[in-house]
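Single-letter residue listing:
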Amino acid sequence: MGVTPNAPEAPDHTPARFLLELARDLHEAGTPGHRLEEAMGAIAGRLGMEAEIFSTPTSIFAAIGPLGEQRTYMLRVEPGEPDLERLTRVQDVISRVASGTLTPAQGLSALDEIPSPSNRYGRTATLAAFGVVSAGSAVFFGGSLGDLFAALITGLIVGAATIFASANRELRRVIETIAAALAAVAALVLERYAAPALIEMGAEWASVDAFRVTLSGLIGLLPGLTLTLAMNELANGQLVSGTGRLTHALMVLLSVGFGVALGRSLAPALPEVIFEASALPLWALPIGLALTPIAVTVFFRGRPRDLPLIVVTSVAGFYAARAGAAWIGPALGASVGAFVVGAIANVSSRVLRQPSAIAAIPALLLLVPGSLGYRSVEALLGEDATAGVQGLFTTLLVGASLVAGLLLSNIAVPLDRVVPEDVKTG
């Protein structure tokens, strides 16, 4: 009786599946391309795999296996907004798999249990965050008390439109234009109807500047953070990903500018008013600095337990940027704020064993040049080419200044490792 030879064992693709799902989760949590590729390379090495990873804002390519025997995979993804809680939980899975606490199969199950996106905050909290961030921006832009309340209302309108559009794929593609038009109309109505009525009733603080209110109301949609991340990727050699992200930021700016121009086309039908701006109360700035980082944490779905760290980092970065602006000018002074933010974020990452992005991303939103980009697009739409080009150059210069500060902070306080160094290779 003949002996049947043993059939070859089927290869185990679980480690590769884990690697791919990990890449998808990191991308959807807003991880920049260079950090994603670093993480994938590190975890692949810990699993005894050879892998080449290539990340772009809309796709991830992975070639797994030794050269000449590679299996190539492609994932189609959409550019992800920062999701801080999800990023923290994914980081925990990475560390546990790298240390051997979890197998790749168990790691896959753990990733499946992480909600996408994180659902800690509901629509009401998100809507309130839009209003608070807009009101805080009016404070930072030097507005009046009337601007603060008008920006709060405008931010709520923009937030409601954004939340409503989130359930419709086609509507999401034009939400920047629609929200910008709504913000421009709301700011004009508040400036030319609501403010005069309140002033006649004795509320002299109610003067409103429609431009400042429009800008503040749209601050949650302006792509200043995207622009900064794009320049960070370019500085780290991620040319394809950085260029794609930069192009996306410019398209969002143009969409916002077009929407504002569309909304302001109603201006001739509204009466002209001239106000003498009222001074902002002294209490407005510290309250704005305390509340805005909390609202930004809701935007980026951070954990409540991280709020003290986020507020401290944001306040320190804000005042460092102001000191830098007084020292070496507004454009280059932003690098001082970014350096402080990066240093605090990296120290907290090492102490708390969590991604540095938890502290850095919300704090950077107070420093990013989104408002400068909007002003430059508005100048171009107003046929002031000189001011528009100068504004775009200044926007890029501030973005480069922020990236320089972050890179210098990584030298002063080396980055947290995606896979901890104290985990031994198997």
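Up top is the structure these notes are about.
Cut-offs applied
- For every chain, the first residue of its written sequence is number 1, and the numbers climb from 1 along that sequence.
- The predicted origin of the model limits local features to residues at a pLDDT of at least 70 and limits the giving and counting of side-chain atom pairs to 80 or more, whereas totals for whole chains, interfaces and linings rest on all residues.
- Side-chain metrics rest on all non-hydrogen atoms present in the structure, leaving aside hydrogens and water.
- Secondary structure counts use DSSP, requiring at least four H or I residues in a row for a helix and at least two E residues in a row for a strand, with both numbered from the N terminus.
- A helix is expected to reach a length of 1.5 Å times the quantity of its residues less one.
- Accessible area is worked out with a 1.4 Å probe on protein chains only. A residue is then buried under 20% of its type maximum, exposed over 50%, and partly exposed in between.
- Residue contacts follow a heavy-atom distance rule, with two residues in contact if any of their heavy atoms lie within 4.5 Å.
- Two rings from Phe, Tyr or Trp (for Trp, the six-membered ring) form a pair when their centres sit within 6.5 Å of each other. Planes less than 30 degrees apart are called stacked, planes more than 60 degrees apart edge-to-face, and all others tilted.
- Here the rule is simple: two strands pair whenever DSSP picks up at least two bridges between them.
- Here, nonpolar core refers to any group of buried Ala, Val, Leu, Ile, Met, Phe, Trp, Tyr and Cys residues whose side-chain atoms link them within 4.5 Å.
- Both site types are read off a 1 Å grid over the protein atoms alone. A 1.4 Å probe that fits but cannot get out defines a cavity, while an open set with protein on both sides within 12 Å along at least five of seven lines defines a pocket; lining residues have an atom within 4 Å of a point.
- Grid points are joined across faces, edges and corners, and a volume is the space filled by probe spheres set on the points.
- Any residue that is not Ala, Val, Leu, Ile, Met, Phe, Trp, Tyr, Cys, Pro, Asp, Glu, Lys or Arg is counted as polar, Gly included; the first ten are nonpolar and the last four charged.
- For patches, a residue must show more than 30% relative accessible area and have no salt bridge; joins then use 9 Å for like charges and 5 Å for nonpolar side chains, namely Val, Leu, Ile, Met, Phe, Trp and Tyr.
- Each accessible area value is a Shrake-Rupley result obtained with a 1.4 Å probe; residue values ignore everything except the protein chains displayed when judging cover.
- Salt bridges, as used here, are contacts in which a Lys or Arg side-chain nitrogen is within 4 Å of a carboxyl oxygen on Asp or Glu.
- Angles here are taken between N-to-C directions and fall from 0 to 180 degrees, while the axes themselves are lines fitted to C-alpha atoms, restricted in helices to the stretch in contact.
- To sort the angles, those under 35 degrees are grouped as roughly parallel, those over 145 as roughly antiparallel, those from 65 to 115 as roughly perpendicular, and the leftovers as oblique.
- By convention the crossing between two helices is left-handed if the near helix lies anticlockwise of the far one by an angle smaller than a right angle, and right-handed if it lies clockwise.

Enquirer: I'd like to hear about helix α5 (residues 123-140), residue by residue, with values.
Expert: Between the first and last C-alpha of α5 there are 26 Å, a value that for 18 residues agrees with the 26 Å anticipated at 1.5 Å per step. If you check which residues of α5 are buried, you get A129, F130, G131, V133, S134, A135, G136, S137, A138, V139 and F140. In this fold, the buried residues of α5 make contact with α6 (145-165), α9 (210-217), α12 (284-299) and α13 (307-328). G142 lies just past α5 and shows a positive phi near 80 degrees.

Enquirer: Just give me the short version of the packing of aromatic side chains, but keep the residues and values in it.
Expert: If you walk through the whole model with that rule in mind, you get four aromatic pairs. Measuring from centroid to centroid gives 5.1 Å for F140 and F318, while their planes differ by 40 degrees, and the two rings are tilted. Within this pair, whereas F140 is found in helix α5, its partner F318 is found in helix α13, the two being separated by 178 residues in sequence. Given the relative accessible area of 7%, F318 is considered buried. An aromatic cluster is present here, built from F140, F318 and Y319 joined pairwise through their rings.

Enquirer: Go over the pairing of strand β2 (residues 59-64) with me, naming the residues and quoting the values.
Expert: The buried fraction of β2 amounts to five of the six residues, a majority that puts the element mostly inside the structure. With five bridges joining them, strand β1 (residues 51-55) and β2 adopt antiparallel strand pairing. When the sheet's bridge partners are listed, E52 is paired in β2 with A63. Counting the residues in the hairpin turn of β1 and β2 gives three residues. Across six bridges, β2 lies against strand β3 (residues 71-76) in antiparallel orientation.

Enquirer: How would you explain the side chain of T313 if you had to name every residue and give the values?
Expert: Of note, T313 is situated in helix α13. T313 has contacts with V341, I344, A359 and A363, leaving out every residue within four places of it along the chain.

Enquirer: Go over the nonpolar core, please, and point to the residues and values.
Expert: If you look at the biggest cluster of nonpolar residues, it comprises 80 residues, and the most contacted ones within it are L19, L22, L26, M40 and I43. Core analysis: the second largest hydrophobic core is formed by nine residues, V139, L148, A284 and F318 among them.

Enquirer: So what's going on with the layout of surface pockets? Residues and values would help.
Expert: Approximately 2,000 Å³ is the volume attributed to the largest pocket. Taken together, 46 residues form the lining of the largest pocket, with P79, G80, E81, T162 and R172 sitting closest to its centre. With five residues, helix α11 (residues 239-264) is the single largest residue contributor to the lining of the largest pocket. Grouping the amino acids of the lining of the largest pocket by side-chain chemistry returns 21 nonpolar, 13 polar and twelve charged.

Enquirer: Would you mind going over a nonpolar patch on the surface in detail, with residue names and values included?
Expert: The grouping of I153, I157, V174, I178 and L182 at the surface amounts to a nonpolar patch, some 350 Å² of accessible area in total. At the level of elements, α6 and α8 (175-200) are the ones that each hand at least two residues to the nonpolar patch. Within the secondary structure, I153 is located in helix α6. With relative accessibility at 40%, the residue I153 sits in the partly exposed group.

Enquirer: Quick one: what's the story with the sheet that holds β2, residue by residue and with numbers?
Expert: Pairing in this open sheet of three strands is antiparallel, and the strands run β1-β2-β3 from one edge to the other. If you trace the sheet from one side to the other, it starts and ends with β1 and β3, each paired once. Ignoring strand direction, the axes of neighbouring strands in this sheet form an average angle of 10 degrees. Relative to the sheet, helix α1 (residues 14-28) contacts β1, β2 and β3, its axis offset from that of β2 by approximately 155 degrees.

Enquirer: Describe the packing of α13 against helix α15 (residues 357-364), with residues and values.
Expert: Axis separation between α13 and α15 bottoms out at 8 Å; the angle between their running directions is 45 degrees. As summarised for this structure, α13 and α15 are arranged oblique, according to the angle between their axes. By crossing handedness, the relation of α13 to α15 is classed as right-handed. For the pair α13 and α15, the contacting residues are L309, I310, T313 and S314 in the first and I358, A359, P362 and A363 in the second. When grouped by side-chain class, the residues that make up the contact of α13 with α15 number six nonpolar, two polar and no charged.

Enquirer: If you had to explain empty space enclosed by the protein to someone new, which residues and values would you point to?
Expert: Evaluation of the coordinates by the stated rule reveals one cavity of 30 Å³ or more. The calculated volume of the largest cavity comes to roughly 40 Å³. As for the largest cavity, its lining consists of H27, G30, T31, P57, P79, G80 and R245. By residue class, the composition of the lining of the largest cavity is two nonpolar, four polar and one charged.

Enquirer: I'd like to hear about the pattern of salt bridges, residue by residue, with values.
Expert: Tallied over the entire structure, the rule returns 13 salt bridges. R24 is paired through a salt bridge with E21; the nearest N and O atoms lie 3.8 Å apart. In this pair, R24 and E21 are both assigned in helix α1, three residues apart and thus about one turn of the helix distant. Classification of R24 by relative accessible area gives partly exposed; the value is 23%. For E21, a relative accessible area of 29% corresponds to the partly exposed category.

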